[in-house]
Amino acid sequence: MEIEETALPGVLILTPRRHGDARGFFAETWNARTMRAAGIDLDFVQDNQSVSGAVGTLRGLHYQSPPHAQAKLVRCGRGALFDVAVDARKGSPSYGMWVGVELSAENGCQMLIPAGCLHGFVTRRPETEILYKCSDFYAPESDGAVHWDSCGIDWGLTDRPVLSEKDAAARPWEEFDSPFEWDGAR
């Protein structure tokens, strides 16, 4: 597993090794023992799958507030997407900053997003499938969103995105009182 740090503490790009032949490939996308040896100690409790039919479908920027804050490990099973994390941990040296990475079925990259970061993505191909692990269970009372275009993110869009009602109505970053605190850890 190749592990690459980003400009946001704790946001990592994980690229599994692929073992391929004429049939296709095999890749180990998560191994708790390997990750612990690399200083990443997460217990994932829920796996989610999302399929977006149209190119330009934008989901986010989502979070779950404490006590149900979630770390996420995001990958693309089919198609391609631009995945984004925004640091919402008050006191963090990168508070309010964002990073984004192209995830595709072909490149096999994954983005590890720690609790306290907002998460969103936009699809680049039709019928894009997103698979992600979460470190806490979904809790509707902790669910929240920040408006997708209020954090200065270059989504690479040429048209208006396809949005849910929830995402279209989300409050802007300027009105967001983050419930997350920086603990100095990765």
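Residues numbered from 1 in each chain as written. Predicted model: local features only at pLDDT ≥ 70, side-chain atom pairs only at ≥ 80, totals over all residues. Heavy atoms only, no water.

Remarks on unusual backbone geometry
In step 1: Omega for the peptide link from Gly60 to Leu61 comes to 5 degrees, which places this bond in the cis form.
In step 2: Positionally, Leu61 belongs in strand β6 (residues 58-64).
In step 3: A cis geometry characterises the amide bond from Pro66 onward to Pro67, with omega recorded as 10 degrees.
In step 4: When you line up the elements, Pro67 lands in the loop between β6 and β7 (72-78).
In step 5: Phi is positive for Glu127, close to 55 degrees, though the residue is something other than glycine. (Helix = DSSP H or I, 4+ residues; strand = E, 2+ residues; numbered from the N terminus.)

Considerations on the pattern of salt bridges
In step 1: Inspection of the entire model under this criterion finds eight salt bridges.
In step 2: Arg36 serves as the salt-bridge partner of Asp41, at 3.2 Å between the closest nitrogen and oxygen.
In step 3: Here Asp177 ties to Lys90 by a salt bridge, and the two come within 2.7 Å at their closest N and O atoms. Note that Asp177 is positioned in the loop between α2 (165-168) and β15 (180-181) and Lys90 in strand β9 (residues 89-90), a separation of 87 residues in sequence. (Salt bridge = Lys/Arg side-chain N within 4 Å of Asp/Glu carboxyl O.)

Digging into the side chain of Ser94
In step 1: You can see Ser94 is positioned in the loop between β9 and β10 (98-104).
In step 2: Residue classification places Ser94 among the buried residues on the basis of a relative accessible area of 2%. (Buried < 20%, exposed > 50% of the residue type's maximum accessible area, 1.4 Å probe, protein only.)

Here we look at the layout of surface pockets
In step 1: Roughly 370 Å³ of volume is contained in the largest pocket.
In step 2: Taken together, 23 residues make up the lining of the largest pocket; nearest its centre are His62, Lys72, Tyr132, Asp143 and Lys166.
In step 3: Mapped onto the lining of the largest pocket, the elements with two or more residues apiece are β5 (46-52), β6, β12 (117-123), β13 (128-134) and α2.
In step 4: It is β6 that provides the largest number of residues to the lining of the largest pocket, a total of five residues.
In step 5: Looking at the lining of the largest pocket residue by residue, the classes come out as eight nonpolar, ten polar and five charged. (1 Å grid on protein atoms, 1.4 Å probe; cavity = no way out; pocket = protein on both sides within 12 Å on 5 of 7 lines; lining within 4 Å. Points joined across faces, edges and corners; volume = space filled by probe spheres on them. Nonpolar A, V, L, I, M, F, W, Y, C, P; charged D, E, K, R; others polar.)

Quick notes on the packing of aromatic side chains
In step 1: What the rule picks out here adds up to seven aromatic pairs.
In step 2: Seen in terms of ring centroids, Tyr63 and Phe176 are 5.2 Å apart; in terms of plane orientation they differ by 55 degrees. Their pairing is tilted. With Tyr63 in strand β6 and Phe176 in the loop between α2 and β15, the pair connects residues that are 113 residues apart, well separated along the chain. Phe176 matches Tyr63 in its accessibility class, with the two residues each being buried.
In step 3: Site record: aromatic cluster; members linked through ring pairs are Tyr63, Tyr95, Trp173, Phe176 and Phe180.
In step 4: Looking at Arg18, its charged tip hangs above the ring of Phe25, at a distance of 3.9 Å from the centre. (Phe/Tyr/Trp six-rings, centres within 6.5 Å; stacked < 30°, edge-to-face > 60°. Lys NZ or Arg CZ within 6 Å of the ring centre and 35° of its normal.)

Some words on the nonpolar core
In step 1: Counting residues in each nonpolar core, the largest one holds 18 residues, and the members touching the most others are Val11, Ala85, Leu103 and Met111.
In step 2: When neighbours within four sequence positions are excluded, Leu103 is seen to be in contact with Val74, Arg75, Cys76, Ala80, Leu81, Asp83, Cys109, Gln110 and Met111.
In step 3: In this structure, Val86, Cys151, Ile153 and Phe180 belong to the second largest nonpolar core, which totals 17 residues. (Core = buried A, V, L, I, M, F, W, Y, C linked by side-chain atoms within 4.5 Å. Contact = heavy atoms within 4.5 Å.)

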